[in-house]
Amino acid sequence: EEFVILLPDTALENGIEAMTRLQRELTKRFFLAGTEKILITFSAGVVQVAEGEVATEAIKRADQGMYLAKRSGK
């Protein structure tokens, strides 16, 4: 699955820190699907919308970053 998380008025560095914290917190826990234990992992592409950039272009850049992270095992 793919999700978009918007963090308005957030500097790029703070967005990266937030995604890192979320990744760390989620990998500390197991979740249950019926009786099966599930470990959640995810890759993220974090971008800051450039002045004058339309949202779809920023999302496209974030998507590219996510796939780069997946390929590098992050």
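The structure we're discussing is the one just above.
Structural notes, computed from the coordinates.

Quick notes on the rules
Residues numbered from 1 in each chain as written. Predicted model: local features only at pLDDT ≥ 70, side-chain atom pairs only at ≥ 80, totals over all residues. Heavy atoms only, no water. Helix = DSSP H or I, 4+ residues; strand = E, 2+ residues; numbered from the N terminus. Rg over C-alpha atoms; globule rule 2.2 N^0.38 Å. Buried < 20%, exposed > 50% of the residue type's maximum accessible area, 1.4 Å probe, protein only. Contact = heavy atoms within 4.5 Å. Areas by Shrake-Rupley, 256 points an atom, 1.4 Å probe, with all protein chains shown as cover. Lys, Arg positive; Asp, Glu negative; His and termini not counted. Charge placed at Lys NZ, Arg CZ, Asp CG, Glu CD. Pairing = 2+ DSSP bridges. Salt bridge = Lys/Arg side-chain N within 4 Å of Asp/Glu carboxyl O. Polar contact = N/O pair within 3.5 Å; in protein donor to acceptor, adjacent residues only side chain to side chain. Expected span 1.5 Å × (residues − 1). Arc of directions from axis to C-beta.

Some points on the overall build of the protein
Helix and strand counts for the protein come out as two helices and two strands. Reading the secondary structure of the protein in the N-to-C direction produces α-β-β-α. For 74 residues, the compact-globule estimate of 2.2 N^0.38 gives 11 Å, and the protein exceeds it by more than 25% at 14 Å. Taken over the C-alpha atoms alone, the protein extends approximately 50 × 20 × 20 Å along its principal axes. Expressed as a percentage of its 74 residues, the buried residues of the protein come to 11%. Nonlocal contacts in the protein, meaning residues at least 24 apart in sequence, comprise 31% of its contacts between residues at least 6 apart. Total accessible area on the protein stands at roughly 6200 Å², and carbon and sulfur atoms take up 56% of it. Within the protein, one finds 10 positive and 11 negative side-chain charges whose respective centroids are separated by 9 Å.

Observations regarding the pairing of strand S1 (residues 30–33)
Pairing of S1 with strand S2 (residues 36–39), which is carried by four bridges, proceeds in the antiparallel orientation. Across the sheet, Phe 31 pairs through a bridge with Ile 38, a residue of S2. Following S1, the chain reverses through two residues before pairing antiparallel with S2; Gly 34 in that reversal takes a positive phi of roughly 70 degrees.

A word on the pattern of salt bridges
One side chain can pair with another of opposite charge once the charged atoms of both are near each other. The final tally for this structure, using the stated rule, is three salt bridges. Its salt-bridge partner being Arg 29, residue Glu 25 comes within 3.1 Å of it at the nearest N-O pair. Note that Glu 53 is salt-bridged to Arg 61, the shortest N-O span being 2.9 Å. A relative accessible area of 34% means that Arg 61 is categorised as partly exposed. Counted as one network, the salt bridges with shared partners bring together Glu 25, Lys 28 and Arg 29.

Describing the environment of Tyr 67
Within the secondary structure, Tyr 67 is located in helix H2 (residues 55–71). With relative accessibility at 33%, the residue Tyr 67 sits in the partly exposed group. Within the local environment of Tyr 67, its side chain forms a polar contact with the side chain of Glu 2, the two groups lying 2.5 Å apart.

A few points about helix H1 (residues 12–27)
Compared with an ideal rise of 1.5 Å per residue, which puts 16 residues at 22 Å, H1 spans 23 Å between its outermost C-alpha atoms and is within 8% of the ideal. Regarding H1, the residues found buried are Gly 15, Ala 18 and Met 19. End-on view of H1: buried residues confined to an arc of 95 degrees, all on one side of the axis. Those residues of H1 that are exposed and angled more than 90 degrees off the buried face are Glu 13, Arg 21 and Arg 24.

Just distances and angles here, no functional claims.
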